[in-house]
Structures are given as C-alpha cells and as structure tokens.
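Observations on chain architecture
What follows is each chain in one-letter form.
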Amino acid sequence: MAENQLEIGKLVAENDLYHELLGGRFGIEIEEHRVTEEGRLIRRIYPGTLGPRATHPYLQTDYSETQSEIVTEPATSFEMARDLLLQLQWVLRDHMADNETIWPLSMPPRLTPDDLQWVDETFDRPWISEYRDWLTDKYGSTHEIITGLHLNYSLPESLLQKLFELSDETDYVTYKNCVYFKLAQAISANRWLFVYLFGATPFSLNSTDSRLPELDHPVRSLRTSQFGFANDANIQVDYATNLTDHLAQIDQHIQAGDLYSNHEFYGTVRFKGPETKESMATEGVQYLELRILDADPFDPAGISENALNIIHLVIIYLLLQDEMYSADDLVRANELANEVALQSPTDKLPNQKRR
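Structure report, in brief.

Rules used in this analysis
Residue numbers run consecutively from 1 along every chain, following the written order of its sequence. Where local features are concerned, this predicted model is filtered to residues with pLDDT of at least 70; where side-chain atom pairs are given and counted, the filter is 80 or more; whole-chain, interface and lining totals use all residues. Derived side-chain values reflect all non-hydrogen atoms in the structure, with water molecules and hydrogen atoms excluded from consideration. Segments assigned H or I by DSSP are reported as helices when at least four residues long, segments assigned E as strands when at least two residues long, and all are numbered from the N terminus. For every residue, the accessible area (1.4 Å probe, protein chains only) is compared with the maximum for its type, and the residue is labelled buried under 20%, exposed over 50%, or partly exposed between those bounds. The contact criterion used throughout is that any non-hydrogen atoms of two residues lie within 4.5 Å. Nine residue types can take part in a nonpolar core, namely buried Ala, Val, Leu, Ile, Met, Phe, Trp, Tyr and Cys, and a core is a set of them joined through side-chain atoms within 4.5 Å. Throughout, the arc means the angular range of directions from the helix axis out to the C-beta atoms. Positive: Lys, Arg. Negative: Asp, Glu. His and the chain ends are not part of the count. We define a salt bridge as a contact between a side-chain nitrogen of Lys or Arg and a carboxyl oxygen of Asp or Glu at a distance within 4 Å. Two N or O atoms count as a polar contact when they lie within 3.5 Å, although within protein this holds only if one can serve as hydrogen donor and the other as acceptor, and sequence-adjacent residues are included solely when both atoms are side-chain atoms. DSSP-based pairing: two strands are paired if at least 2 bridges between them are found. In this analysis an axis means a line fitted to C-alpha atoms, helices contributing only their contacting stretch, and an angle means the value between N-to-C directions, from 0 to 180 degrees. Handedness of a crossing follows from how the near helix is turned relative to the far one, being left-handed for an anticlockwise turn of less than a right angle and right-handed for a clockwise one. Basically, the charged four are Asp, Glu, Lys and Arg, the nonpolar ten are Ala, Val, Leu, Ile, Met, Phe, Trp, Tyr, Cys and Pro, and anything else, Gly included, counts as polar.

Attention now goes to the environment of Leu88. Counting through the fold element by element, Leu88 comes out in helix H2 (residues 78–94). Among the residues examined, Leu88 registers a relative accessible area of 14% and is labelled buried. Separated by 16 residues in sequence, Leu88 and Thr72 place their C-alpha atoms 7.8 Å apart. Residues contacting Leu88, with those up to four places away along its chain left out, are Tyr58, Leu59, Ile70, Val71 and Thr72.

Attention now moves to the nonpolar core. With 72 residues, the main nonpolar core has Leu151, Phe271, Leu288 and Ile303 as its most contacted residues. Of all the elements, helix H7 (residues 172–189) adds the most residues to this core, at 11 residues. Ignoring sequence-local partners within four residues, the contact set of Ile303 consists of Ile28, Arg82, Leu149, Leu151, Leu293, Asp296, Leu308 and Ile311. Counting 19 residues, the second-largest nonpolar core is a separate cluster that includes Met107, Tyr131, Leu135 and Val219.

Further remarks concern helix H4 (residues 129–139). Within the sequence span of H4, burial applies to Tyr131, Arg132, Leu135 and Tyr139. In a view along the axis of H4, the buried residues occupy a sector of 100°, so they form one face of it. Opposite the buried face of H4, at more than 90 degrees from it, the exposed residues are Glu130 and Asp137. Of the surrounding elements, those touching the buried residues of H4 are helix H3 (113–121) and helix H5 (141–144).

Before going further, it helps to spend a moment on the side chain of Arg220. Tracing the chain through its elements places Arg220 in the loop between helix H8 (191–198) and helix H9 (243–255). There is no salt bridge for the buried Arg220, and the closest opposite charge comes from Asp347, which lies 6.3 Å off by N-O distance. For Arg220, the side chain forms a polar contact with the main-chain oxygen of Asp347, separated by 2.4 Å.

We now examine the pairing of strand S5 (residues 149–154). When you tally the buried positions in S5, you get 6 out of 6 residues, the bulk of the element. Of the two faces of S5, both are covered, the one formed by Leu149, Leu151 and Tyr153 as well as the one formed by His150, Asn152 and Ser154. Looking at chain direction, strand S1 (residues 25–36) and S5 are connected through 6 bridges and run antiparallel. Counterpart to Ile28 in the pairing with S5 is Leu151. The pairing of S5 with strand S7 (residues 287–293) spans 4 bridges and is classified as antiparallel. Residue pairing in the sheet places Leu151 in a bridge with Leu290 of S7.

Right, let's talk about the packing of H2 against helix H11 (residues 305–320) for a bit. Two numbers describe how H2 lies on H11: the axes approach to 9 Å, and their chain directions differ by 145°. With respect to the hand of their crossing, H2 and H11 are arranged in right-handed fashion. From H2, Phe78, Glu79 and Arg82 reach across to H11, where they touch Glu305, Leu308, Asn309 and His312. Residues belonging to the contact of H2 with H11 are distributed by class as follows: 2 nonpolar, 2 polar and 3 charged.

Pasting the structure below:
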C-alpha cells in the first residue's frame with residue numbers, strides 16, 4: 001500500500017466521520033531542571049522520596065540528576081493530559097527542597113565549570129550509564145541537558161476501524177501503520193508551522209556547547225534548529241516512503257554505529273509501540289510522539305491549553321488533507337523549518353513556496 005495514496009479525508013467526508021476525529025489518546029512528557037532560587041543547577045540528586053526511578057511510570061530523570069522528566073498516563077484529551085501534568089508537577093515540587101524551583105526555559109541556565117563537573121560526575125541511574133557515556137562523548141553535557149516537551153497522540157481506534165472497513169485493504173495492522181505514517185509524514189512536512197507558532201529558545205546562556213553557533217541576534221528556536229536536538233548530518237532518516245523503510249533506516253544507522261539505539265533518533269516524529277521494526281510490522285504502531293516543541297516559559301505547565309487545542313486541530317487538519325509529498329518536498333520542508341527556526345523572532349516567514 002502506498003501511504004501517499006490513502007484518501008482519509010475523502011472517506012471521512014463521504015461517510016460523515018467528523019465526530020470520530022476528536023477522540024483518541026493523549027499524553028505529555030516534559031523535562032524540567034531543578035534549580036536554586038538564583039537560577040543555578042541545584043546540587044541535589046533526584047529526591048528519593050518520589051520513589052524508585054527504575055520502575056516509576058510518571059516521575060523520572062533524564063541525562064542529569066537535576067533534569068526531572070514527567071510523563072503523564074494516556075488521557076482522553078490534551079486538556080486532561082495537561083491537568084495530569086500539573087498534578088505531577090505539584091507532586092515534584094512538594095518533594096523539592098525549600099530553596100529549589102523549576103527552570104522555565106528549554107535551554108539550560110548559565111553553567112559554571114563546577115556545575116558541569118557535578119553533572120558529569122553525579123549520576124544515580126547505573127542501568128543506563130553506558131548510553132549516558134555515549135551521549136556525553138558525542139554531544140557533551142551542556143547540549144544533553146537541553147530540555148523539551150513531547151506530545152503523545154493516538155488516533156481513535158474506532159475511527160481507524162471504520163476507515164479500514166471502508167477501504168479496499170485486507171490487513172488491519174498494515175492499514176493502521178500506513179495511516180500513522182501518512183500523518184507523521186504530513187507533520188514532518190509542516191514542521192515549520194510548529195516551529196513558527198511555538199518556538200521559544202531564542203538564545204543559549206552557555207558557550208560550552210560546541211554544537212551551537214555564536215549568534216548575533218535572537219532566533220525563534222535554537223533547540224529545534226539543525227544546531228539543537230538534531231542528529232548529525234550523516235544520519236539520514238526520512239519520512240518519504242513507508243514505515244518499514246523509515247525504521248530500516250534507523251536500524252541501519254544503529255548497526256553502523258552512528259546511533260546508540262532508536263532512542264537517539266531525534267526526528268520530528270517517533271513511532272511508538274513494539275521496540276523492534278519486525279514487531280511494529282506485526283503488532284502495529286500504538287501512538288506518535290511529536291518532538292518539536294520548546295517548553296513555554298510563560299505557562300506553569302510548560303504548555304498552555306490553547307496551544308494544545310491548536311496542535312490537536314492542526315493534526316486533524318493534516319490528516320484530512322490527503323496531501324501527497326515527494327522526497328524532494330520533504331527535503332525542502334526540512335530546510336524551511338530550519339530557516340524559520342533560525343530567523344529573528346520578529347521576522348516574517350520566508351517568502352517562498354513550501355512545496
């Protein structure tokens with residue numbers, strides 16, 4: 001089946017399935033640094049009173065002991081997921097020291113050599129120490145403690161079932177994977193819009209990140225640009241053909257030693273479900289993870305309810321467009337997204353066709 005040939009919008013319109021589109025499963029993941037009231041990384045490991053990180057489903061840490069990672073359970077709307085996120089953030093704050101607060105930006109606070117030494121030497125998750133060492137050697141600590149926000153989204157199963165029954169396809173899992181790939185492709189092709197609307201990393205406070213350029217002006221989103229959380233230029237993984245090819249490209253880079261695992265793929269969208277590409281083909285994609293959002297420093301949750309509503313509507317719009325994208329289209333779209341990310345925040349969008 002060719003994903004570009006799916007006519008989801010046509011099937012929805014002809015069979016009046018619009019009411020089915022608003023359902024689904026929704027989740028939010030956010031990383032946040034614990035800092036002192038003066039804005040320095042706190043010299044305190046993850047609060048043990050929150051429970052064991054090896055098994056806790058909602059409260060974790062990432063690269064640094066200060067880098068809390070909060071993961072909501074699946075909810076029936078983005079608004080409910082945000083409510084769950086606020087509750088978990090309240091729990092985290094309740095277990096923080098009196099002199100601790102949350103750093104509101106995705107780019108880390110100003111770091112001293114002592115801060116970096118503490119980050120490098122203080123790590124209490126030995127079960128992933130090998131992967132962390134890989135990241136340290138490849139990217140450096142200043143880069144790896146950049147934080148962000150991921151949105152998890154799955155289409156309503158009832159909608160997928162009805163679309164499958166209306167199609168000419170014979171295998172449900174194959175059809176579902178094609179629908180998710182088509183949606184991920186459309187999101188990737190329109191990455192520029194998410195960067196334009198929600199970019200919030202205009203500068204870096206640190207010169208110790210060798211991957212970041214020296215900027216002479218603020219930008220929209222340093223984090224989502226080619227200099228931020230992006231794989232090296234030699235790592236080519238696209239959304240041009242189908243899910244099998246996409247996952248095979250990731251696997252080839254792992255086998256070649258370019259990536260430690262699929263967790264190191266920093267693409268616009270990750271396909272979530274079974275760990276192996278073989279299992280993904282037989283069991284199916286469970287949800288998409290959108291990885292293109294900076295934390296909103298002006299919202300206590302890191303993302304507003306209005307932003308989540310807009311993102312949900314954009315996702316639905318993209319699903320219904322039945323747009324066809326070539327490999328060249330996607331290359332140009334990625335270049336446009338990077339250009340938008342590195343523009344001054346007050347600049348107009350580039351005066352060019354996106355397709």
